[in-house]
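This is what each chain is made of:
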Amino acid sequence: MNITLDWLGTATFRLTFGETVVMLDAYIDRIDTAPPVGLRAADIDRADFILVGHSHFDHLAGAEVIATNTGARIIGSNESCRVMRERGIGDDQLLPSQGGERHRLSDDVTVRVFPSVHTCLWAPSAGDASSPITGGLGLCEDERAGLFAAGNDFTRAYAEHPEWAPKFMDHVRTSAGSRRDGGPLVYLFETPAGRIFWQDSCGCWTGILRTIETDVAMLAVTGRPNCDGEPWQGTMADFIAMEAELLGAKTVILGHHDNWLGIPNAPAYDTSPIRDALERAGRAMREPGYLEGTRLLA
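These numbers come from a predicted model, not from an experiment.

**Q** Explain the overall build of the protein chain here, please?
**A** For the protein chain, the helix and strand inventory stands at nine helices and 17 strands. Relative to the compact-globule value of 19 Å for 298 residues, the protein chain shows a C-alpha radius of gyration of 18 Å, a close match. Expressed as lengths along the three principal axes of its C-alpha atoms, the size of the protein chain is roughly 50 × 45 × 35 Å. Expressed as a percentage of the 298 residues in the protein chain, the buried residues total 55%.

**Q** Just checking my understanding: could you explain the sheet that holds strand β11 (residues 203-204) for this structure?
**A** Backbone hydrogen bonds are what pair the strands of a sheet, in a parallel or an antiparallel way. With respect to topology, three strands assemble into an open sheet ordered β11-β13-β14, the strand pairing being mixed. Because the sheet does not close on itself, it has two edges, and the strands there are β11 and β14 (230-231). Where strand β13 (residues 226-227) lies against β14, two bridges are found, and the strand directions are antiparallel. If you follow Asn226 over to β14, its bridge partner there is Pro231.

**Q** It is not clear to me how the pairing of strand β12 (residues 216-220) should be interpreted in this structure. Could you clarify?
**A** Two faces make up the sheet, and in a regular strand the side chains alternate between them. Burial runs high along β12: five of the five residues are buried. Burial along β12 is two-sided: the face carrying Val216, Met218 and Ala220 and the face carrying Ala217 and Leu219 are both buried. Looking at chain direction, β12 and strand β15 (residues 251-255) are connected through five bridges and run parallel. Directly across from Met218, in β15, lies its bridge partner Ile253.

**Q** I'm lost on the nonpolar core in this one. Help?
**A** The tendency in soluble globular proteins is for nonpolar side chains to be buried as a group. Ranked by internal contacts, the top residues of the largest apolar core, which has 36 residues, are Met23, Ile50, Ile66, Ile74, Met84 and Trp164. If you list the elements that add at least two residues to this core, you get β3 (20-24), α1 (57-60), α2 (63-70), α3 (78-86) and α6 (165-174). Discounting chain neighbours no more than four positions away, the residues touching Met23 are Leu8, Thr12, Phe13, Arg14, Ile28, Ile44, Ala47, Phe49, Ile50, Leu51 and Ile66. In this structure, Phe197, Trp232, Ile240 and Ala277 belong to the second largest nonpolar core, which totals 30 residues.

**Q** How should I be thinking about the sheet that holds β15 in this particular structure?
**A** A sheet is described by the order of its strands in space; here seven strands give the open sequence β7-β8-β9-β10-β12-β15-β16, paired in mixed fashion. The open sheet has two edge strands, β7 (102-106) and β16 (284-286), and neither has a second partner. The mean inter-strand angle of the sheet, taken between neighbouring strand axes irrespective of direction, is 25°. Across four bridges, β7 lies against strand β8 (residues 109-115) in antiparallel orientation. Within the sheet, the bridge partner assigned to His103 lies in β8 and is Val111.

**Q** Even after reading the chapter, I still don't get the packing of aromatic side chains, so can you show me in this structure?
**A** Following the criterion strictly, the structure yields nine aromatic pairs and no others. Ring centres 6.0 Å apart and planes at 70° place the aromatic pair Phe57 and Phe168 in the edge-to-face group. Pair noted here: Phe57 is in helix α1 and Phe168 is in helix α6, with a separation of 111 residues, a long-range link. Side by side, Phe57 and Phe168 carry an identical accessibility label, which is buried. Plain terms: the ring middles of Tyr187 and Trp198 are 5.7 Å apart, the flat faces sit at 20° to each other, and that makes the pair stacked. Placement of the pair is Tyr187 in strand β9 (residues 185-191) and Trp198 in strand β10 (residues 194-198), with a sequence separation of eleven residues. Accessibility assignment for this pair places Tyr187 and Trp198 in one class, buried. Among the aromatic side chains, those forming a connected cluster through ring pairs are Tyr27, Phe57, Trp164, Phe168 and Trp260.

**Q** How do you make sense of the side chain of Gln93 when you look at a structure like this?
**A** As for its position among the elements, Gln93 is in the loop between α3 and β6 (94-96). A relative accessible area of 16% places Gln93 in the buried class. Within polar-contact distance, the side chain of Gln93 engages the backbone oxygen of Ala67 at 3.1 Å.

The rules behind the values
- Residues numbered from 1 in each chain as written.
- Predicted model: local features only at pLDDT ≥ 70, side-chain atom pairs only at ≥ 80, totals over all residues.
- Heavy atoms only, no water.
- Helix = DSSP H or I, 4+ residues; strand = E, 2+ residues; numbered from the N terminus.
- Rg over C-alpha atoms; globule rule 2.2 N^0.38 Å.
- Buried < 20%, exposed > 50% of the residue type's maximum accessible area, 1.4 Å probe, protein only.
- Pairing = 2+ DSSP bridges.
- Core = buried A, V, L, I, M, F, W, Y, C linked by side-chain atoms within 4.5 Å.
- Contact = heavy atoms within 4.5 Å.
- Axes fitted to C-alpha atoms, helices over the stretch in contact; angles between N-to-C directions.
- Phe/Tyr/Trp six-rings, centres within 6.5 Å; stacked < 30°, edge-to-face > 60°.
- Polar contact = N/O pair within 3.5 Å; in protein donor to acceptor, adjacent residues only side chain to side chain.

These values are about where atoms sit, not about what they do.
Take a look at the structure:
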């Protein structure tokens, strides 16, 4: 089976299994200060399924366009499906899932759905992959909300770029999505050639990852990682290496590490510490660019 992967920016990918086309998230139409992907959601004329990791705009937006144009069925949380209904997608194209489901994508490809957790948006992050950060453990939701209001990575960006912030907020308001994450989901594709795991937010339940075996792990790199409901104590590189080890992945592909926010003059994210951590564990990291048609499990 010929399996190809196209990265479309943020945590959005297009997976092709022979003749079956599967979108992983759908957020392609980004703010115009973000790096251009080379494709718009309206340009996609073939898709059989759209899998959505969670309901925030930078993952769900665009699914309504692709589903309308292609007839693709959307697999996502109840909240993601609710937003899609509001955007005119009928129930015949929606497959609400919460973890525990196995969906057939073609005669020889299935996907299993598992529950996950979202990046700790309220917690400060190191901003790079090699600097450790600690603290923030054992807090209740009111305390976490107070930290968010006091200033996290997003609020600092708004303060530092007053010319960009209003434009970005307009973009958020007009994009399909929810203020709630809807209960993040992760997915395991099972094919005759091997297994592929995909997540779109930097968080995990370690007890669940231990039950999953995969060959390729597509892992999100953004913000402060969430490990079993608490902020990760350490570096991003070590978190990704930990996930890859639990999954038994031979190969790791990163997502959500480009300048998807479109912050002016933002430096490129240095992924080399993650590569080094994976190589020390005997695992490989591949870094496809946008629309490169990378072969998987060849």
